[in-house]
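# Observations on the three-dimensional arrangement
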Amino acid sequence: MSQPILEVSGLHKFFGGVPAISNLSFSTMPGEILGIIGPNGSGKTTMFNVITGVLAASSGSIRFRGESIAGLATDAIARRGLVRTFQSATVFKRETAFENVRRSGVFACIGRPTWFFRKGVVAEGAARARDMASELLEFAGLSDVSDTLAGNLPYGKQKMLGVLIALAQRPTQLLMDEPAAGLNTAETEVMGELIAQIRSMRGVDVVLVEHDIKMVTRVCDRILALNYGKTIVIDVPEKVVAHPEVIEAYLGAGFD
């Protein structure tokens, strides 16, 4: 039987005594895209921040590939293969799309800060980072904007570039925080296809926080629904969107 990749157990996070996450437990399996939904204030981004070391958990455990990562720094967690994206398009706007991706991939290809290595090792790693940047831009269909300043790209392409920046860190699991936020219908469709391809073509597992329910139900294998930092249900998409508490808390009676 396959072992879980990410295991969250009994997780709590309090802000001034107010619970943002309350006794949250879930796990992800190899090859899975897990969606996480919930209304604003339900604890989704706080959960990502705790898992990735931006915030410390009040209590509970977080394990990635069998190893406890609670209390580790964000860069140490990323080096273990657990990488996240952000709601906004987080790019270096005065650098080209290519340089954005190459910059992110340099240390992933070299392995440690450059002063630990001979020049030849650094040069080889830098060359790998350049090759990876070109390959990732082609993978996402952005090769034609490789030399364009990131700040001059349409917002939808900036969001896709942010995903590539995360992929350049060579994750085995990618935590995506509202990748469709601010996108129009066509851009959301493209982003959904990219997420599916990240799993199918690159072998990277995905945990997806998203408000666009139609995209979530289309690309995810299972969905975890939260409200007030607590689990409502975790199940296959068709069962989650039909769950009475999910409809009441988030989807609304008009969802179809």
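Figured I'd write up the structure that's included with this text. (Residues numbered from 1 in each chain as written. Predicted model: local features only at pLDDT ≥ 70, side-chain atom pairs only at ≥ 80, totals over all residues. Heavy atoms only, no water.)

## Structural notes on the environment of D212
Rules: Strands are runs of DSSP state E lasting at least two residues, helices are runs of H or I lasting at least four, and both sets are numbered from the N terminus onward. Using a 1.4 Å probe on the protein chains alone, a residue whose accessible area is under 20% of its type maximum counts as buried, one over 50% counts as exposed, and one in between counts as partly exposed.
Its place among the elements puts D212 in the loop between β8 (205-209) and α7 (213-219). Here D212 falls in the partly exposed class, since its relative accessible area comes to 28%. Along the primary structure D212 and E178 are separated by 34 residues, whereas in three dimensions their C-alpha atoms are 8.4 Å apart.

## Examining the packing of aromatic side chains
Where we set the bar: Pairing of aromatic side chains here covers Phe, Tyr and the six-membered ring of Trp, requires ring centres within 6.5 Å, and sorts the geometry by plane angle: under 30 degrees stacked, over 60 edge-to-face, intermediate tilted. Here, a charge over a ring means that NZ of Lys or CZ of Arg falls within 6 Å of the ring centre while also lying within 35 degrees of the ring normal.
Using the criterion set out here, one finds zero aromatic pairs in the structure. If you follow R103 out to its NZ or CZ, it ends over the ring of F92, 4.1 Å from the centre. Here the guanidinium or amino end of R202 rests over the ring plane of F139, the centre of that ring lying 4.9 Å away.

## Quick look at the sheet that holds strand β4 (residues 59-64)
Note the threshold: In short, DSSP must find at least two bridges between two strands for them to pair. Residues count as neighbours in contact if any of their non-hydrogen atoms are within 4.5 Å of one another. Only C-alpha atoms enter the line fits that serve as axes; for helices the fit covers just the stretch in contact. Angles between N-to-C directions range over 0 to 180 degrees.
Taken in spatial order, the four strands of this open sheet run β2-β1-β4-β5, and their pairing is antiparallel. Both edges of this open sheet fall to β2 (18-27) and β5 (67-68), since each of them pairs with a single strand only. As paired elements, β4 and β5 share two bridges and run antiparallel to each other. Bridged to R63 within β5 is S68. Running over the sheet, helix α1 (residues 44-51) touches β1 (6-15), β2 and β4 and is turned about 70 degrees from β2.

## Some remarks on the pairing of strand β9 (residues 222-227)
Here β9 lies mainly inside the structure; five of its six residues are buried. Examined bridge by bridge, strand β3 (residues 33-37) and β9 share four bridges and lie parallel to one another. Its bridge partner lying in β9, L34 is registered against R222. The pairing of β9 with strand β10 (residues 230-235) spans five bridges and is antiparallel. For N227, the partnering residue across the bridge sits in β10 and is K230. Hairpin connection between β9 and β10: a loop of two residues separates the two successive antiparallel strands, and Y228 in this loop has a positive phi of roughly 50 degrees.

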